[in-house]
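Topology and contacts: notes
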Amino acid sequence: MVPISWYLWLAAILFVIGVVGVVVRRNAIVVLMAVELMLNAANLTIVAFARQRGDIGGHAIAFFVIAVAAAEASVGLAILIHAFRHFRSVHLDDLDGMRG
C-alpha cells in the first residue's frame, strides 16, 4: 500500500505547478488549465485523506469538486470565445478592455 505522504507530496507538486501557471502565464487558456490542475490537486488530497480514514464522504466531495471544475471550464471557455471574437486575442494583457 502506498503511504499517504506520497499522495500529499504529489498533490503539493501539482498545486505549485498550477499556481506558477496562473501567476506566470499570460495566455487565458493556459491559466484555465492551471486552475484545473490546482482543483485536481485538491481532489487528490481529499481522496487521499478519505481513503486513509475509510470514509466514502471524501469521494463524494471530490465528485462535487469535479462537477464545479467542469462548470468553471465551460463558463471560462465561453467567456474566452466571446473575448476572442471581440478582441481577436486570448492573452490576458489584451483583455484589459473588458473592464467596465
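Please refer to the structure higher up on the page.
Let us look at the structure shown here. (Residues numbered from 1 in each chain as written. Predicted model: local features only at pLDDT ≥ 70, side-chain atom pairs only at ≥ 80, totals over all residues. Heavy atoms only, no water.)

What follows is about the overall build of the protein. Check the secondary structure of the protein and you find three helices and zero strands. Reading the protein from its N end, one meets helices and strands in the order α-α-α. Taken against the 2.2 N^0.38 rule, which gives 13 Å for 100 residues, the C-alpha radius of gyration of the protein at 17 Å runs more than 25% over that of a compact globule. Based on the C-alpha atoms only, the size of the protein along its principal axes is roughly 50 × 25 × 20 Å. Here the protein carries 7 positive and 6 negative side-chain charges, and the mean point of each set is 3 Å from the other. (Helix = DSSP H or I, 4+ residues; strand = E, 2+ residues; numbered from the N terminus. Rg over C-alpha atoms; globule rule 2.2 N^0.38 Å. Lys, Arg positive; Asp, Glu negative; His and termini not counted. Charge placed at Lys NZ, Arg CZ, Asp CG, Glu CD.)

The next thing to look at is the nonpolar core. Counting residues in hydrophobic clusters, the biggest one holds five residues: Ala-28, Leu-32, Leu-80, Ala-83 and Leu-95. Looking at this core, the elements that each hand over two or more residues are helix H2 (28-53) and helix H3 (57-87). (Core = buried A, V, L, I, M, F, W, Y, C linked by side-chain atoms within 4.5 Å. Buried < 20%, exposed > 50% of the residue type's maximum accessible area, 1.4 Å probe, protein only.)

On to the packing of aromatic side chains. Under the criterion given, the structure shown has zero aromatic pairs. The residue whose ring lies beneath Arg-88 is Phe-84, and the NZ or CZ to ring-centre distance is 5.8 Å. (Phe/Tyr/Trp six-rings, centres within 6.5 Å; stacked < 30°, edge-to-face > 60°. Lys NZ or Arg CZ within 6 Å of the ring centre and 35° of its normal.)

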